[in-house]
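Below, each chain spelled out in residue letters.
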Amino acid sequence: MRLTLPTRCSLVCLFIALCGNQPAQAAATVTAIQAGSLIDTESGRVLREQTLIVRDGVIADVGPGVPIPQGARVVDLRGYTVLPGLIDAHTHLTIDRLHKDPLAELEHTAAERAFGSIPNARAVLLAGFTTVRDLGSYRALVDRALRDAINRGDVVGPRMYVAGAYVTISGGAGAVTGFAPDVVLPWDLRYGSANSAAEVRERVRALAGQRVDVIKMFATGAVLTHNSNPSGREATAEELAAGVDEARNFGLKVAVHAHGAEGIKAAVRAGAASIEHGSLLDEEGIKLMKQRGTYLVPTLDVHQCVGGYTQEFVAKSEQLQAAHFRNFRKAVAAGVKIAFGTDIGVCPFGANGREFALMVQNGMTGMQAIQSATIAAADLLGISEAVGSLRKGKMADVIAVRGDPLANVQTLEDVRFVMKQGQIYKQD
C-alpha cells in the first residue's frame, strides 16, 4: 500500500486560516522534542529523558543525550509521556452522528456529507489519532474526497486510508434500508451492491479504479441496518473469496464486517486481513484467526453510544454486548492479533480514546492496548515502515499526555500535544 503524503502549504493556508483550522505551528525545518518519558512501542518499554529531532516531517534522530541542532525550535515535553501518533483502524468520518438512522441519508446530499465531515476529521486528529482506516461511507467516495482534501492541506485531519463504499448484498448490512420498495436510491447509495462472486469482482475493480486504499465487505448482518440480523450470514464463501482475490490483484487488503460466528470463519478462510467487530467469535474462529494471522478490530465502545438510536438498533446492540466483551477476552487470552478500532461516528468524534479503557478492562495490558493502536494497526494497514513507533526515519507523528498511560490508560482520552508529520496541531 502506498503512503500518500500531504503537499506543502501554499494558498490553501489562507483557506485553512479562514476556516479556523490552522495548525498551531507550520512545519519548521528542525524541531527538537524533549520527552520526560517515551513509550517505545516496539520493545514495550518506557524510556526516560529522550530527545527527538524532527526534520522536514521525519524523525531524524531519537535517544538520550541527542544534541539539539543550533536554531532548532525546542518543544519541552519533559513533564509528559510521549507516544507515537495513534491509529484508529475502524472509523467513519463522513457519518453525521446527529442523525440516528441511515434513512437520514435520503435527506442530505453528498456535498453536505463532505462539508459536514471537516470538523469530524479535525476532532479525531486533535484527539491524538494521526492516522485512520476509514471503512466506508453511505455516500460512495465522500471519504476519498476527504482523504484527498487532507492530503492537499485544504482540511486538517488524520492521514486517511479509505474504503470508498460498502461492498454488500442489495439491502444488506451497511446499506440504506427501511424505505418503500418503489423508492430508487441514487447511485452513490448503492455503489457497492454486489449479489454474486462476479459482481463482487466488478465492484472491487470499480473501487480500485477510484483509488481506494482498502476494500470493506460484509459477511453478516449489522446492528445499525434495518431488518438485518447480525448473527446471520449474508455474503457467501464464494463472494468473500472473490473479493479477497480481486483486491489482491490491486494490492489491496479486505476488511470484513462480521458479527456471527459462521460469517467470521468464512471471512477468515477467504483470506480477510481483518475481522471487524467479531462479536460472536467462537473457539474455532479464534483458532482460525490465530493460525492465519487475521487481525481482530473489536470496536467495543460502540455499544455505549447506541442508546439514542431506534429501538430496533438498541435491542440488537444489547443482545450482542455481553458476548462481544466475553469473546474479545477469549481472543486476547488466545493471542489473536488485535488492532485498535472504534467505529467512531456512532460515538462522538474525538472520543476515540475511550476504547482503550474497555480493552484493558477486558483482558489487555495498558502496553498491549497502546501497541494495538500503534505497531499492530500500522502492520494491519501495511505502513509499518512509516508510522507506529518513534524511530529514526519514520514520520514525525508524535503525541503527548500528562501522567502515565500504562498506570491509567484513560490518560489517553486527554491528549495534550499532537504533531502530525512535523506540524504541531495541539499544544498545552
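## Here we look at the overall build of the protein
Alright, step 1. Looking only at helices and strands, the protein has 11 helices and 15 strands in total.
Alright, step 2. For 428 residues, the compact-globule formula gives about 22 Å, and the C-alpha radius of gyration of the protein, at 21 Å, lands near that figure.
Alright, step 3. Oriented by its inertia axes, the alpha-carbon framework of the protein measures out at about 70 × 50 × 40 Å.
Alright, step 4. The 428 residues of the protein split such that 61% are buried.

## Brief notes about the sheet that holds strand 5 (residues 86–91)
Adjacent strands of a sheet pair through backbone hydrogen bonds, lying either parallel or antiparallel.
Alright, step 1. Pairing is parallel in the open sheet, where 3 strands are placed in the order 5-6-7. Single-partner strands in this sheet number two, and they are strand 5 and strand 7 (159–162). Strand-to-strand twist of the sheet, defined as the mean angle between neighbouring strand axes without regard to direction, takes the value 15°.
Alright, step 2. By the bridge criterion, 4 bridges tie strand 5 to strand 6 (residues 129–134) in an arrangement that is parallel. Within strand 6, the position partnered with Ile87 by the bridge is Thr131.

## Let's talk about the packing of helix 6 (residues 261–270) against helix 7 (residues 283–292)
Alright, step 1. One can describe the packing of helix 6 onto helix 7 by two numbers: an axis separation of 9 Å at closest approach and a directional angle of 20°. One way to sum up the angle between helix 6 and helix 7 is to call them roughly parallel. The handedness of the crossing between helix 6 and helix 7 is left-handed. When helix 6 is examined against helix 7, the residues Ile264, Lys265, Val268 and Arg269 are found in contact with a partner set consisting of Glu284, Gly285, Leu288, Met289 and Arg292.

## Here's the deal with the state of the cysteines
Alright, step 1. Enumeration over the complete set of coordinates arrives at 1 disulfide.
Alright, step 2. Disulfide pairing is shown between Cys305 and Cys347; the S-S distance is 2.0 Å. Residues Cys305 and Cys347 share a disulfide whose torsion about the S-S bond is about 100°; that sign makes it right-handed. Taken together, the positions of Cys305 in the loop between strand 12 (295–297) and helix 8 (311–334) and Cys347 in the loop between helix 8 and helix 9 (354–361) put the pair 42 residues apart, joining distant regions of the chain. As far as burial versus exposure is concerned, Cys305 and Cys347 are alike and both buried.

## Thoughts on the side chain of Ser117
Alright, step 1. Counting through the fold element by element, Ser117 comes out in helix 2 (residues 110–126).
Alright, step 2. A distance of 2.6 Å separates a polar atom in the side chain of Ser117 from the backbone oxygen of Ala114.
Alright, step 3. In contact with Ser117, other than residues within four places in its own chain, are Leu93, Thr94 and Leu146.

Thresholds applied
- Residues numbered from 1 in each chain as written.
- Predicted model: local features only at pLDDT ≥ 70, side-chain atom pairs only at ≥ 80, totals over all residues.
- Heavy atoms only, no water.
- Helix = DSSP H or I, 4+ residues; strand = E, 2+ residues; numbered from the N terminus.
- Rg over C-alpha atoms; globule rule 2.2 N^0.38 Å.
- Buried < 20%, exposed > 50% of the residue type's maximum accessible area, 1.4 Å probe, protein only.
- Pairing = 2+ DSSP bridges.
- Axes fitted to C-alpha atoms, helices over the stretch in contact; angles between N-to-C directions.
- Parallel < 35°, antiparallel > 145°, perpendicular 65-115°, else oblique.
- Left-handed = near helix turned anticlockwise from the far one by under 90°.
- Contact = heavy atoms within 4.5 Å.
- Disulfide = S-S within 2.5 Å.
- Polar contact = N/O pair within 3.5 Å; in protein donor to acceptor, adjacent residues only side chain to side chain.

Purely spatial values, then, with no claim about function.
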